[in-house]
Amino acid sequence: MIRTLVVDDDFRVSHIHSEYVSRVQGFKVVGEAATVADALEAVRTLHPDLLLLDIFLPDGSGLDVLRRLTGDEGGSRPDAFMITADRDIESVRTAMKLGAVGYLVKPFGSPDLCGRLTAYRELQHRVHALGPAAETEQADVDALFSATRPPAVPRVPAKGHSAPTLTLVHQALLSARGPVSAAEAAELTGVSRATAQRYLSYLVKEGMVRLELRYGTTGRPEHRYRIVT
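A quick note: this is a predicted structure, and the numbers were derived from the prediction, not measured.

(A) Highlighting helix H3 (residues 62-71). Of all the residues in H3, the buried ones are Gly-62, Leu-63, Val-65, Leu-66 and Leu-69. Relative to the axis of H3, the buried residues are bounded by an arc of 150° and lie together on one face. Along H3, the residues that are exposed and aim more than 90 degrees away from the buried face are Arg-68 and Gly-71. Where H3 is buried, its residues touch helix H2 (36-46), strand E3 (50-53), strand E4 (56-57), strand E5 (60-61), strand E6 (79-84) and helix H4 (89-97). The N-cap of H3, judged by a side-chain oxygen 2.9 Å from the amide nitrogen of Leu-63 a few residues on, is Ser-61.

What follows is the structure in structure tokens.
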């Protein structure tokens, strides 16, 4: 489990983000903090693997949290996703320099955060699979550096496909805890099964979704769809 600490001065937003995280397989919220001081103390006592970190805090900035943790010689620093309404380019640049692994601008929905957390989880799996002594090829390095950015659906899909519906189906698969059928995708998105099937087939053709066959005891195999990571 990826132990996650949510840092936001608005307790309502903090609870919402914690709920979003709890929906993603492989993640566990270990605490919430509302100030720089509380965040630093929580890191020391709860030992999270990942911070969801707002910039605007009552006693400073989320960037101050990163600075303090980077300068802390005791223990390893958790990774951090900046989850903030701050759109200032200097804040983005500073977060990058301080080693933030992602930057998500408020407001956003559960699928947006889920997509990034899922990509981060896959990154951890890839690093673990390679092992600490592995020598990487350029393709491995490229995959690791791009792993925290979920693939974007085509802005202009093929004729007969709607971009908003395509995004909806894609985000539904990102949020799913495993491969889904066309019927399940339809239920998740509110579109008809035939529409879900058509968009899933398009995503397979684009290389963004993988088709898996589940064989039962009788009849034809069931088609199930999984996000390509």
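(B) Quick look at the environment of Ala-33. Checked against the element boundaries, Ala-33 lands in strand E2 (residues 27-33). A relative accessible area of 6% places Ala-33 in the buried class. Taking the C-alpha atoms as reference points, Ala-33 and Val-7, 26 residues apart in sequence, are found 4.7 Å from one another. Excluding residues that lie within four positions of it along the chain, Ala-33 makes contacts with Leu-5, Val-6, Val-7, Asp-8, Asp-38 and Ala-39.

(C) Fine view of the packing of aromatic side chains. Inspection of every chain in the model, using the stated rule, returns 1 aromatic pair. Taking the centre distance of 6.0 Å and the plane angle of 75° together, the rings of Phe-81 and Tyr-120 count as edge-to-face. Here Tyr-120 lies in helix H5 (residues 110-130) and Phe-81 lies in strand E6, a separation of 39 residues in the sequence. Between Arg-12 and the ring centre of Phe-11, over which it is positioned, the NZ or CZ distance is 5.8 Å.

(D) View of the environment of Gln-197. Within the element layout of this structure, Gln-197 appears in helix H9 (residues 193-205). When its relative accessible area of 22% is taken as the criterion, Gln-197 is described as partly exposed. With 12 residues separating them in the primary sequence, Gln-197 and Ala-185 have C-alpha atoms 8.3 Å apart. Among all residues touching Gln-197, those that are not within four sequence positions of it are Ala-182 and Tyr-225. A distance of 2.6 Å separates a polar atom in the side chain of Gln-197 from a polar atom in the side chain of Tyr-225.

(E) Region of the structure containing the side chain of Asp-54. Its place among the elements puts Asp-54 in the loop between E3 and E4. A distance of 3.3 Å separates the side chain of Asp-54 from the side chain of Lys-106, its partner in a polar contact. In this structure, Asp-54 is in contact with Val-7, Asp-8, Asp-9, Gly-62, Met-82, Ile-83, Thr-84, Ala-85 and Lys-106, ignoring residues within four places of it in sequence.

(F) How the structure looks around the nonpolar core. Counting 21 residues, the largest nonpolar core has Val-7, Leu-51, Leu-53, Val-65, Leu-66 and Met-82 as the members making the most contacts within it. By residue number, the principal contributor to this core is H2, which donates 5 residues. Among all residues touching Met-82, those that are not within four sequence positions of it are Leu-53, Asp-54, Ile-55, Gly-62, Leu-63, Leu-66, Ala-95, Ala-100, Gly-102, Tyr-103 and Leu-104. Residues Val-169, Leu-173, Leu-174 and Ala-182 belong to the second largest nonpolar core, which totals 17 residues.

(G) The arrangement of the sheet that holds E6 in detail. One open sheet holds the 5 strands; their spatial order is E2-E1-E3-E6-E7, and the pairing between them is parallel. Whereas interior strands pair on both sides, the edge strands pair on one side only; in this sheet they are E2 and strand E7 (102-105). Across the sheet, the axes of successive neighbouring strands diverge by a mean angle of 20°, strand direction being ignored. Its contacts with the sheet put helix H1 (residues 11-22) on strand E1 (2-7), E2, E3 and E6, and the angle it makes with E2 is roughly 170°.

(H) Molecular detail of the pattern of salt bridges. Under the criterion given, the structure shown has 11 salt bridges. Here Asp-64 ties to Arg-67 by a salt bridge, and the two come within 2.9 Å at their closest N and O atoms. Placement of both Asp-64 and Arg-67 in helix H3 is noted, with a separation of 3 residues, approximately one turn of the helix. Note on Asp-64: relative accessible area 29%, which makes it partly exposed. Look at Arg-67 and you get partly exposed, because its relative accessible area is 43%. Each member of the salt-bridge network shares a partner with another, and the members are Asp-8, Asp-54 and Lys-106.

Reading the values: the criteria
- Counting restarts for each chain, with residues numbered from 1 along the sequence as it is written.
- Owing to the predicted nature of the model, reporting of local features is limited to residues with pLDDT of at least 70; listing and counting of side-chain atom pairs is limited to 80 or more, with chain, interface and lining totals taken over all residues.
- Where side-chain values are given, they derive from all heavy atoms of the structure, hydrogens and water being excluded.
- Buried residues are those whose accessible area, probed at 1.4 Å on protein chains only, stays under 20% of the maximum for their type, while exposed residues exceed 50% and partly exposed ones sit between those limits.
- Note on conventions: DSSP H or I runs of at least 4 residues are helices, E runs of at least 2 residues are strands, and numbering of each starts at the N terminus.
- This arc describes the spread of directions from the helix axis toward the C-beta atoms.
- Whether two residues are in contact is decided by their heavy atoms, any of which lying within 4.5 Å being enough.
- A 3.5 Å cut-off defines polar contacts: any pair of N or O atoms within that distance qualifies, except that in protein one atom must be a possible hydrogen donor and the other a possible acceptor, and neighbouring residues in sequence count only when both atoms are side-chain atoms.
- For Phe, Tyr and Trp, rings pair up if their centres lie within 6.5 Å, where Trp contributes its six-membered ring, and each pair is then called stacked (planes under 30 degrees apart), edge-to-face (over 60) or tilted (otherwise).
- Placement of a charge over a ring requires the Lys NZ or Arg CZ to be within 6 Å of the ring centre, with the centre-to-atom vector within 35 degrees of the ring normal.
- Side-chain atoms within 4.5 Å link the members of a nonpolar core, which is a set of buried Ala, Val, Leu, Ile, Met, Phe, Trp, Tyr and Cys residues.
- In this description, strands pair whenever DSSP reports at least two bridges between them.
- Lines fitted to C-alpha atoms define the axes here, with helix axes fitted over just the stretch in contact, and angles between the N-to-C directions of these axes take values from 0 to 180 degrees.
- Any carboxyl oxygen of Asp or Glu within 4 Å of a side-chain nitrogen of Lys or Arg constitutes a salt bridge here.

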